[in-house]
Structure formats: structure tokens, C-alpha cells
Amino acid sequence: MSEIELLRSELESKEGELLALREALSKASSDREQYRALYMQLLERCRLLEKGIVVGKKAERFQGDEEAQLSMRLLGMLLGPDEAEASADEDNLDDALAEELDGDEDDEASTTRPTDACEPRRRRRGRRKLPEALPRVEVEVLPPEVLLEGLENFERIGEVVSETVERRPGAMVVARIVRPKFVRKNAPASESIETQLADETPETPPVVIAPPPDKPIERGLAGPGLLAHTIVLRWGDHMPAHRQEAIHAREGLPLSRQTICSWHQQLADLVEPLVDAMMADAFLSPYVCVDATGVLVQAPEQCQRAHFWVLVAPGRHVLYRFSPRHDSEAVDRLLAGYKGYLVSDAATVYDHLFRDGAVVEVACWAHCRRYFFKALGTEPELARHALGLIRKLFKVEEKLADESRKRRESVRRKLSAPIVDEFFAWCAQQAEVALDGSPLAAALTYATNQKAALRRFLDDGRLPLHNNISERALRREAVGRKNWLFVGSDDGARANTLFVSLLASPDFSPRIGGARQAAVKRLGGRLLDAVDVSREAALVTPGAGARSSCKRDYKAGYAFWVTCA
């Protein structure tokens, strides 16, 4: 080999090394910029936290390009709906949804639907009418001339009516329960009362008196109305016991917080069988949604961290439970005996439930979206692309909210499945080049690990796209936690979950939810007559044929919610 060939070979090898070094330098420069963006983002967050400013927006809804959306609305008003929709990518999805959902409807129904998709909604003007259910008290105001000269000197030709909302102050009353005693008049005149008492037998008692009315708390001072009022104040309006103590003192009744807590602990034993029956009925649903949040429990030296759990059977129940720890044992106690779909986040405490196939995991697309939302600060373009795809899925589900199961499955196969395929193909492509430890890498890892569970909503039209319903239900405890800060004991947390379950479940029905205090009052006053508590307790672990027996017994115990509305 000549010297020239050796030099040429060495030159080619050097050029290869130089090219590799340039690629490494380019990747290092890209990584440096990403790390710099992460550093600046964390620096800004620390600066805001030092000032006590809440970092970031709580809303995670991806709106896309606001200027582009505004331009599309203007084009829609100027050019018409057909030309404006043709220039937007998401409008293709709108057209496909319209074709799928309107395909089986007649022409008459379609003509009543508005055709201009870009037309802005008209805001209602004027004052909202007052509800007709509110009682009316008529106050007649006469002019001064009529008052001075008398009605006989004037002729009434009309009237002007206006309405003002007023509030009557609440008041406590003492219910004196009088039970008269009676003795028969047809007794011999020679017999005295003492003689009649001496001849008393179970069949013919000489003195007749009505039995005392049942009370929610034996020999208790408070009636069902006052007990229901304190329950709704404490767990419906999130008012701690010490505030209720001040309110009752202002109304003239010295009532200590210890007394209120004692009442609630005794009432918890009364309502627990009913809540257990509600849990058994919730397990008959095809799927349940579960989530948890932290809470502090008072301890001698330092408050201990525990957890509230929520289990939602959509359209039926919202049930709460308490556990000292957030672990698999708490999950087993919460879901003991349940078989079906479980909508939850990707916490490892649920993993053991999915091994035998009795419980099937359904992941939450809102949790997946949250990871990409956090990546907007460092990788805005890539995060926007992922959020745009997820937004299309939510848009499809918004249109399918009132559709049947078969219609949902059909539309999801045609419209949602291609979007899901495109999303996971993009995730696989970006996972090879994403920077380790970055928010984008965490989002891609979460989506890849939960791929099967995230796709499960495509298989069954009953399954939801997200778990937001349980997160919204947990807001009850989160709002209350800001007021009472901690629970006094495990027993107090148990009472909390029982009564919050009773107050939260009727909110699925506005007709029932509006009368929750009356429902709780009816529960305290007449539950013992409506429900066989022993049968309800047996429903906690339903066996064969549990569906029919559970519905029969549950209907008896839960009827008071409906009848009092």
C-alpha cells in the first residue's frame, strides 16, 4: 500500500471521528438547552414559592392556540361555516362526529339543530326568575294619599308587582312531649286506684299510657331535626364543631362541641348498616371509580398522616372510607369481594388486584394528560402535539355523553381508536430520543406503561375515558380539610366517611339532593321502622343470589331519600 493510500485511509477515519464528535456535540448542546430550560423553570418556581405564590395553573384543559381559535370564529362569521370549517384540522373530527351521531336521525330532527358551528353562544339577558317553590308573602304598599284620605275616595285600576328575596332567621324550639295517663271508667266504684293497680295484669293494665316515641339517641336531648342540622352543617357545609358551638350559643342554646361530637359518634352506629348496604349495591355496578387523598389524624406528639378513600358507582353511590395507611391492605378492605372494572390512577397499591383477572384495570386519560401538561415548560412543541391528540379524545367523549353503549362503542372504534393508535406510535418514536429525567420522558414512560389500560375504554362503551368523577367527589373532603384541618381520631374519621357518603350520594339526583337535610332528619327519626338492620348487615358480604336480596333490602332502607324530596 502506497503512502498516499495510507494518508487517504487515515483521513477518512479522522473524518468519521469528526462526524461522530459533531453528532455528540449536537446532542450535548440539545441536552444542555433542555437542562437549562429545566433549571430556569425550577428557579422560577422557587422564586414564586418564596413569595408564597401558587405555582402554575390548576386547570389542565389544553386550549391550543387561542389566537388561531379567535381567527376561526371571525372567519366563521365572515365566510360562513363551510369555508371556515374546511380550514381547521379539528373541524374534520367535528364533521365525522356529526355523521356518526346524526346518521340514524330523521330529516325533521336534523333541521331543528343549529347549522352554524362557529356562531357564538348568546348570553341570556335580564334577571333570572325566582324559583316557584319558594313560599310567597304578599306585602301591599299604599301611597300616602290613600292612607290619608281613605280607600273609599279612590278607585283601584291596576298594580305594579316586584319580588324581593328575604330570609327568616332560623330558631330552635323545645318540643314538649306530653303522654297523658288514663284509667278505665267502667271499673267498679268501690275499687280505688290502689286496688286497680294491685289487680294489674299484662292483658288488662289499669293505667293506659302511650309508649314514648323512638329517638335516634336513647334518652338524648336532641331531636331528629337538630341532629340533622348539625350533621349537614359539619359535613355538608364543612363547619367544624367549635363554630357550631358559637352559632348555637348566639341562638340561645349553650351546646358544647364535645356534645355535638358525642351525638355524631352515636348516630354513626345507627347509619353504618345502611352505608354498608349501599356499598354492597355499588359492587353490582359494571365498573367503579376509586381515588384517595391524605388527611391528618390528631396524635399526642405529632399528627399522623392517613387517607380518605372514595368509591364512586356512577349514577348510584358515592362512598367514602378511611384507612391509617395508603397500602394494598387498605385497598383490600375497600374492595373486598368486588369483581369488575376498576377505574383508578396508576398507583402500585392496586396492582395485586389485577393478577387473577377478577378485577380489570382501566386507566385515566386525565392523569396521562397531566404528565404532558407538566412538560409544556421544557418541551412545548412536543407536549402540545400530545395534548392535541388527547384533546380530540375528550372532544369525542363530550359528544357521546348521552349516547347508548352500542353507539359509543361504534363511534369509538371509528374515531377514537385511530387517535389512540397515532398517540402511542408517536410515544414510541419520541421515547427513543427523550432526555432521561425530563418531564417529557416521565410522560412518555407513564403512557407506555399504561398502554393496555388506557386503551380499555375502546372495548366497552360503558367505561369512562377518565377518573375525574372520583377526583371531583374527593373535593368534599379537601374543602372540609381546609376548615377542620385534621380529624380527632380514627372513630371521628369513621363518622366523617359515613355521613359524607349519605350526603354525597343524593347529589347524583338534583331532585333528591335539594332535600338532604330533610332526608337526614327522616333517617334519624324513622330509619328503624323502614329498615331491618340485621338484614342490612348481612349484605356486606353478599353471596349467591345477592343481587335480588340486596335490591330488596336496600330499597327499603334507601327509600327515605326519594320520598322526602
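Residues numbered from 1 in each chain as written. Predicted model: local features only at pLDDT ≥ 70, side-chain atom pairs only at ≥ 80, totals over all residues. Heavy atoms only, no water.

For the protein chain, the helix and strand inventory stands at 22 helices and seven strands. The buried share among the 565 residues of the protein chain stands at 37%. Taking all contacts inside the protein chain whose residues are at least 6 apart in sequence as the whole, residues at least 24 apart take part in 68%. Of the roughly 36,300 Å² of accessible surface on the protein chain, 53% is carried by carbon and sulfur atoms. (Helix = DSSP H or I, 4+ residues; strand = E, 2+ residues; numbered from the N terminus. Buried < 20%, exposed > 50% of the residue type's maximum accessible area, 1.4 Å probe, protein only. Contact = heavy atoms within 4.5 Å. Areas by Shrake-Rupley, 256 points an atom, 1.4 Å probe, with all protein chains shown as cover.)

Turning our eyes to something else, we now look at the packing of helix α17 (residues 468–484) against helix α18 (residues 490–504). One way to put it is that α17 packs onto α18 with a least axis distance of 12 Å and a crossing angle of 130 degrees. Between α17 and α18, the interaxial angle falls into the category oblique. For the pair α17 and α18, the sense of crossing is right-handed. Counting all contacts with α17, which are made through R476, E477 and W484, the residues of α18 involved are N496, V500, L503 and A504. Taken together, the residues that form the contact of α17 with α18 break down as four nonpolar, one polar and two charged. (Axes fitted to C-alpha atoms, helices over the stretch in contact; angles between N-to-C directions. Parallel < 35°, antiparallel > 145°, perpendicular 65-115°, else oblique. Left-handed = near helix turned anticlockwise from the far one by under 90°. Nonpolar A, V, L, I, M, F, W, Y, C, P; charged D, E, K, R; others polar.)

In this section: the side chain of Q244. Tracing the chain through its elements places Q244 in helix α9 (residues 241–250). The exposure class of Q244 is buried, given its relative accessible area of 0%. Here T230 takes part through its backbone oxygen, which lies 3.3 Å from a polar atom of the side chain of Q244. Filtering out sequence-adjacent residues up to four positions away, Q244 remains in contact with T230, L233, R234, M239 and I260. (Polar contact = N/O pair within 3.5 Å; in protein donor to acceptor, adjacent residues only side chain to side chain.)

Before going further, it helps to examine the pattern of salt bridges. Evaluation of the coordinates by the stated rule reveals 16 salt bridges. The shortest N-O distance in the salt bridge between R136 and E163 comes to 3.3 Å. Here the residue R136 occupies a position in the loop between α5 (107–111) and α6 (144–149), and E163 occupies one in the loop between α6 and β1 (181–183), the gap between them amounting to 27 residues. Judged by its relative accessible area of 40%, R136 falls in the partly exposed class. The exposure class assigned to E163 is partly exposed, which follows from its relative accessible area of 44%. Connected via shared salt-bridge partners are R405, E409, D460 and R462. (Salt bridge = Lys/Arg side-chain N within 4 Å of Asp/Glu carboxyl O.)

Structural remark: α-helix, 3.6 residues per turn; residues separated by three or four positions point the same way. Every buried residue belonging to α9 is among A241, Q244 and H248, and all of these are buried. Considered in projection along α9, the buried side chains sweep an arc of 55 degrees and stay on one side of the axis. Following α9 by one or two positions, G252 has its phi on the positive side, about 100 degrees. (Arc of directions from axis to C-beta.)

What follows covers the nonpolar core. Counting 96 residues, the largest nonpolar core has L335, Y350, W365, F372 and F423 as the members making the most contacts within it. Of all the elements, helix α10 (residues 257–282) adds the most residues to this core, at 11 residues. (Core = buried A, V, L, I, M, F, W, Y, C linked by side-chain atoms within 4.5 Å.)

This part takes up the sheet that holds strand β7 (residues 359–362). Strand order in the open sheet formed by five strands is β5-β4-β3-β6-β7, with mixed pairing between adjacent strands. Since the sheet does not close on itself, it has two edges, and those belong to β5 (317–323) and β7, each with one partner. Ignoring strand direction, the axes of neighbouring strands in this sheet form an average angle of 30 degrees. Relative to β5, strand β4 (residues 304–313) runs antiparallel, the two sharing seven bridges. By the bridge assignment for β5, V310 is matched with Y320. Set on the sheet, α10 makes contact with β3 (287–297), β4 and β5; between it and β5 the angle comes to about 115 degrees. Contacts between α17 and the sheet are confined to β3, β4 and β5, with β3 contributing the most and set at about 15 degrees to the helix. (Pairing = 2+ DSSP bridges.)

Here β5 lies mainly inside the structure; six of its seven residues are buried. The turn joining β4 and β5, which pair antiparallel and follow one another in sequence, is formed by three residues; a positive phi near 85 degrees is taken by G315.

This part covers the packing of helix α8 (residues 224–236) against α10. The N-to-C vectors of α8 and α10 enclose an angle of 100 degrees; their axes lie 11 Å apart at closest approach. Considering the angle they form, α8 stands roughly perpendicular to α10. Seen from α8, the contacting residues are L226, L227, T230, I231, R234 and W235; seen from α10, they are I260, C261, W263, H264 and L267. Counted by class, the contact of α8 with α10 contains eight nonpolar, two polar and one charged residues.

Across all of its chains, the model carries 10 aromatic pairs by this definition. Measuring from centroid to centroid gives 4.6 Å for Y371 and Y446, while their planes differ by 20 degrees, and the two rings are stacked. Pair noted here: Y371 is in helix α12 (residues 365–374) and Y446 is in helix α15 (residues 439–449), with a separation of 75 residues, a long-range link. With a centroid separation of 5.2 Å and 75 degrees between ring planes, the pair formed by F423 and F424 is classed as edge-to-face. (Phe/Tyr/Trp six-rings, centres within 6.5 Å; stacked < 30°, edge-to-face > 60°.)

Attention now moves to the side chain of T378. Of note, T378 is situated in the loop between α12 and α13 (380–399). If sequence neighbours within four positions are ignored, T378 has contacts with A37, L38, Q41 and P439.

Here we take up the confidence of the model for the protein chain. Averaged over all residues, the pLDDT of the protein chain equals 78, while 74% of them reach at least 70. Between residues 106–120, whose pLDDT stays under 50, and residues either more than four places distant or in other chains, the model counts nine contacts. (pLDDT = per-residue confidence, 0-100.)

By the secondary structure assignment, M239 is in the loop between α8 and α9. Sequence separation between M239 and N483 is 244 residues; the distance between their C-alpha atoms is 6.9 Å. Beyond its immediate stretch of four places on either side in the chain, M239 contacts L233, R234, Q244 and I247.

Before going further, it helps to spend a moment on unusual backbone geometry. Backbone phi values are negative for most residues with the exception of glycine, while trans is the configuration of most peptide bonds. Positive phi is not limited to glycine here, since H238 has a value of about 60 degrees. Summarising the element assignment, H238 is placed in the loop between α8 and α9. With a phi angle near 70 degrees, L485 is a residue other than glycine that sits in the positive phi range. Within the secondary structure layout, L485 lies in the loop between α17 and α18. What makes L485 exposed here is its relative accessible area of 51%.

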